[in-house]
Amino acid sequence: MIAVLKQGTDEKQMENLIAWFKGQGLDVHVSKGEFNTILGLIGDTAKIDIDLLQGLDMIESVKRITEPYKNANRKFHPDDTVVEITPDIKIGGGHFQFIAGPCSVESREQVLSIAEEVKKAGASILRGGAFKPRTSPYDFQGLKGDGIKLLEEAKKVTGMPIITEIMNANHLPMFENVDIIQVGARNMQNFELLKELGKTDKPILLKRGLAATIKELLMSAEYIMAGGNQQIILCERGIRTYETATRNTLDLSAVPVLHELTHLPVVVDPSHALGIARMVKPMAMAAAAAGADGLMIEVHNDPQHALCDGAQSLTPAQFADLAKRTREILAVVNG
């Protein structure tokens, strides 16, 4: 349920109303916009008398919300959420960012070289896998804690915030200096992990599962937000369909649909979706045109010898071209 307060409502009156709601066993999410304040009521609202609420002088309107995701719902929070990574780097609400780097951290020389190159081309956030969930147990699994240390070193050298994937809640202490924690497609419904991430104060990039619906993605975001962490970035990275021409099917329709349903920012990862390097640029441009808040691109200095996903990785020069062309699309879309 949401209660929209009238403009000019006295702060003390609002606090008294919130206290009354909490006395009814409800949690209250307060969203203050430019013109209205919205109180989102979370819990068993069946006992709340709508007619009684609408009779209060401070109440403009009251509506029941049927969707099971409350915190992530745009009806609770009409304005776009802007996730602040650093004071100068934000995602959402008109702030577009390039997230780029290798699929997996392989060596000091590799990650430092790529970090310098992608920053030069316009990336503002460095990605790199330290823990790698692989289909085969015999494939490269990542450098784990040592990989995170190498990312931290790249962060010191370049000044770029870093993002890397977590696979186990027990690993959280290793992520103390990681700026954004990524939840991969395979862990989108690892609810115990999501609950633990809800207790953190770090931005979380949540990838859509291989066969997850948009509603299921939003419910996974709700798990994190219900724990108190509101800094969620959603990521469309392709879903599994009958099509075999590409690794996955990039569902760009998810971008406008999600923007309609939720206030959370949405980024797109065309690298994992397509699995083919030459197809990444056109889909990145299309994602920008569709309204994405950012792009996550895999970049490797030697894709042919990459230990993970070399076939979908761009060279630094190819990434620079992608970033340039995407900025041209953004200029048209936002112009």
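Overview of the structure. (Residues numbered from 1 in each chain as written. Predicted model: local features only at pLDDT ≥ 70, side-chain atom pairs only at ≥ 80, totals over all residues. Heavy atoms only, no water.)

Right, let's talk about the overall build of the chain for a bit. Helix and strand counts for the chain come out as ten helices and 14 strands. Taken over C-alpha atoms, the radius of gyration comes to 21 Å for the chain, in line with the 20 Å a tight globule of 335 residues would show. Principal-axis analysis of the C-alpha atoms places the extent of the chain at approximately 70 × 45 × 40 Å. Here the chain, with 335 residues, has 53% of them falling under the buried criterion. Here the analysis covers contacts within the chain between residues at least 6 apart in sequence; of these, 68% occur between residues at least 24 apart. (Helix = DSSP H or I, 4+ residues; strand = E, 2+ residues; numbered from the N terminus. Rg over C-alpha atoms; globule rule 2.2 N^0.38 Å. Buried < 20%, exposed > 50% of the residue type's maximum accessible area, 1.4 Å probe, protein only. Contact = heavy atoms within 4.5 Å.)

Right, let's talk about the packing of helix H3 (residues 108-121) against helix H4 (residues 145-158) for a bit. In the contact formed by H3 and H4, the axes pass within 9 Å of each other and the chain directions differ by 40°. By the angle between their directions, the pair H3 and H4 is classed as oblique. With respect to the hand of their crossing, H3 and H4 are arranged in right-handed fashion. For the pair H3 and H4, the contacting residues are Arg108, Val111, Leu112, Ala115, Glu116 and Lys119 in the first and Leu150, Leu151, Glu153, Ala154, Val157 and Thr158 in the second. Split into classes, the residues belonging to the contact of H3 with H4 amount to seven nonpolar, one polar and four charged. (Axes fitted to C-alpha atoms, helices over the stretch in contact; angles between N-to-C directions. Parallel < 35°, antiparallel > 145°, perpendicular 65-115°, else oblique. Left-handed = near helix turned anticlockwise from the far one by under 90°. Nonpolar A, V, L, I, M, F, W, Y, C, P; charged D, E, K, R; others polar.)

Below, the discussion takes up the nonpolar core. The biggest cluster of nonpolar side chains holds 66 residues, and the ones touching the most others in it are Leu234 and Phe319. With sequence-adjacent residues up to four places away left out, Leu234 is seen in contact with Leu206, Leu217, Leu218, Ala221, Leu258, Thr262, Leu264, Pro265, Val266 and Val267. (Core = buried A, V, L, I, M, F, W, Y, C linked by side-chain atoms within 4.5 Å.)

Bringing the sheet that holds strand S13 (residues 266-268) into the picture now. The strand order around the closed barrel formed by eight strands is S7-S8-S9-S10-S11-S12-S13-S14, and the pairing between neighbours is parallel. The average undirected angle you get between the axes of adjacent strands in this sheet is 30°. As judged from the four bridges shared by strand S9 (residues 162-166) and strand S10 (residues 180-183), these two strands associate in the parallel manner. Paired with Ile163 across the two strands is Ile180, which belongs to S10. (Pairing = 2+ DSSP bridges.)

Turning our eyes to something else, we now look at the packing of aromatic side chains. The final tally for this structure, using the stated rule, is five aromatic pairs. Centre to centre, the rings of Phe96 and Phe98 are 5.3 Å apart; their planes meet at 75°, and the pair counts as edge-to-face. Across this residue pair, the class does not change: Phe96 and Phe98 are buried. Measuring from ring centre to ring centre gives 6.4 Å for Phe131 and Phe175, while their planes differ by 20°; the resulting arrangement is stacked. (Phe/Tyr/Trp six-rings, centres within 6.5 Å; stacked < 30°, edge-to-face > 60°.)

Here we come to the side chain of His29. Relative to the helices and strands, His29 is located in strand S2 (residues 27-32). Setting aside anything within four residues of it in sequence, one finds His29 in contact with Ile38, Leu39, Gly40, Ile42, Asn71, Phe76, His77 and Gln230.

Quick look at the pairing of strand S12 (residues 232-236) now. Within S12, five of the five residues are buried, which leaves the element mostly enclosed by the surrounding structure. Bridge count for strand S11 (residues 204-207) against S12 is four bridges, and the pairing is parallel. From the neighbouring strand, Lys207 faces S12, where its bridge partner is Cys235. Note on the crossover from S11 through helix H6 (residues 214-226) to S12: the handedness is right-handed. Note: S12 against S13, three bridges, orientation parallel. For Cys235, the partnering residue across the bridge sits in S13 and is Val267. A crossover links S12 with its parallel partner S13, the connecting element being helix H7 (residues 254-261), and its sense is right-handed. (Right-handed = clockwise from strand over helix to strand, strands pointing away.)

What follows is about the layout of surface pockets. To locate leftover empty space, one rolls a probe as large as a water molecule over the atoms. Its boundaries defined by the atoms lining it, the largest pocket holds a volume of some 430 Å³. Every residue lining the largest pocket is counted, 26 residues in all, and those nearest its centre are Pro133, Arg186, Arg237, Arg247 and His272. When residues of the lining of the largest pocket are assigned to their parent elements, the largest contribution, three residues, is made by S9. Looking at the lining of the largest pocket, its residues break down into seven nonpolar, eight polar and eleven charged. (1 Å grid on protein atoms, 1.4 Å probe; cavity = no way out; pocket = protein on both sides within 12 Å on 5 of 7 lines; lining within 4 Å. Points joined across faces, edges and corners; volume = space filled by probe spheres on them.)

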